[in-house]
Amino acid sequence: MIEIENVRKSFGPLEVLKGVSMRVEKGEVVTVIGGSGSGKSTLLTCINGLEPIQGGRITVDGTVVHDPKTDLNKLRQKIGIVFQQFNAFPHLTVLENVTLAPRKVLGMSREAADEIAVKQLSHVGLADKLMVYPSRLSGGQQQRMAIARALAMSPDYMLFDEVTSALDPQLVGEVLDTLRLLASEGMTMICVTHEMRFAREVSDRVAFFREGLIHEIGTPAQIFEAPEKPETAAFLKAAH
Amino acid sequence: MFDTALTLKDLIFLAKGAGITLAITAVAVLFGTLLGTIFGAFKAQASALAAAPLTFVLDVLRSVPLLIQLILANAFQSIAGFGWSPFTVACVMLSLYTSAYCAEIVRGGIEAVPAVTRRAARSLGMTWAQDMANVTLPMALRVALPGWIGLTLGVMKDTALVLWLGIIELLRSSQILVTRLQEPLFILMITGAIYFLISFPIARMGGRLEARWREND
């Protein structure tokens, strides 16, 4: 379970998160929607400790993320994250991209890591690209590779930070299909997204972010069909 | 063909000088690169304030003419009673000199690696060192290679300055022959050709690596 309690985060004088609280249960799919600059993406990088926070507390399965005694490298093994920008390791083949962390971090043998990587790459539909370098992949394939790379560490949680925002429109579908597949398999996921239809279909709950706070949170039916707050309704109207 | 007093023995003498040039270059580039990589990684990571003492030392090494550094180092080591041979002094000073330039090349390479790629590596649970060794430095290498090849060729030619410590390397060997045979143009042409023969494979190796990496880009 991921528990976010009253988290505050600033970049210099700019306060991006102003006291965010949210709880994500095991097996739950939570999507986060909201305008640009509302702090959605920042929240994800705080959850796995890539960014420090200035107040509040985040715990993952009882481990306090920003406790100086927490072994972040260990914690991150169970929290996969995929970013908006493509971030393949360009000097490694697709297969090597996926096997690197299992081999170096988990100390797996090459054979064991290869086996997991092939399984995960097949899962995201890249079984025929194992020996290819990332520069030969389309944006959608790069994002699917990044998903397989995160899954190869057998994470308990997956965080997706606007993974389709940098893609050409015709490539968005294949990546969303991969996310749907993961959701259907019971993966615990937090997805920051601008894809409203996707949010509506896969989410157990939808959180609407506004000005560094969760403005409204609820089931897709509540948020999309009967939002309580006028700002939520206005955002959804503009997004459609 | 030509009328020259240059004998096979003289050519062997030149070749021996070239051997010394190569040996000093190899040591300086090897240790200079190792040290420079450590310095460069530190500079890319540490705050400007924390890196200030190192930056100052590296700036001194880069801005004081190498000849002055060599002669001062040789004088100080003998005053301090280290008892180093001129060859050792040459290797130590050229390694430091190389490391100062290499540090900047490495720093530039590391800073060219996109932050999101490093975040991706860390988010997979890699430690700072694992990210450096497996992701950041290999990526930085591609950016840094042309600069590093240039540095290596430069250091190879700069080794000529160690003749002032009394080391008979390639340039000094040629001067000895010039004095004895009084055929400066011919001997300098041969010496230049030898420098070229040493440099060419290094430059080509760099070009080849770049071309191979470009295939994947």
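Whatever comes next refers back to the structure up there.
Residues numbered from 1 in each chain as written. Chains lettered and ligands numbered in written order. Predicted model: local features only at pLDDT ≥ 70, side-chain atom pairs only at ≥ 80, totals over all residues. Heavy atoms only, no water.

Two measures define how a pair of helices packs: the angle their axes make with one another and the distance between the axes. Residue and element names in this part refer to chain A. Between helix 5 (residues 139–151) and helix 6 (residues 169–184), the least distance of the axes is 8 Å, while the angle of their chain directions is 20 degrees. In this view, helix 5 runs roughly parallel relative to helix 6, as classed from their interaxial angle. Here helix 5 contributes G139, G140, Q141, Q143, R144, I147 and L151 to the contact with helix 6, which in turn contributes L171, E174, V175, T178, L179 and L182. Considered class by class, the residues forming the contact of helix 5 with helix 6 number six nonpolar, five polar and two charged. (Axes fitted to C-alpha atoms, helices over the stretch in contact; angles between N-to-C directions. Helix = DSSP H or I, 4+ residues; strand = E, 2+ residues; numbered from the N terminus. Parallel < 35°, antiparallel > 145°, perpendicular 65-115°, else oblique. Contact = heavy atoms within 4.5 Å. Nonpolar A, V, L, I, M, F, W, Y, C, P; charged D, E, K, R; others polar.)

Backbone phi values are negative for most residues with the exception of glycine, while trans is the configuration of most peptide bonds. All names here are of chain A. Unlike most non-glycine residues, D61 shows phi in positive territory, near 50 degrees. The topology assignment puts D61 in the loop between strand 4 (55–60) and strand 5 (63–64). A relative accessible area of 34% means that D61 is categorised as partly exposed. (Buried < 20%, exposed > 50% of the residue type's maximum accessible area, 1.4 Å probe, protein only.)

Okay, the nonpolar core next. In this structure, I4, I47 and F89 of chain A together with M126 of chain B are the most contacted members of the largest nonpolar core, which totals 74 residues. The greatest single-element share of this core, amounting to 12 residues, is contributed by helix 4 (residues 86–111) of chain B. Ignoring any residue separated from it by four or fewer positions in sequence, one finds I4 of chain A in contact with V20, S21, M22, L43, I47, R57 and I58 of chain A. Formed by 35 residues, the second largest nonpolar core is a distinct cluster that contains L137, A146, L167 and L176 of chain A. (Core = buried A, V, L, I, M, F, W, Y, C linked by side-chain atoms within 4.5 Å.)

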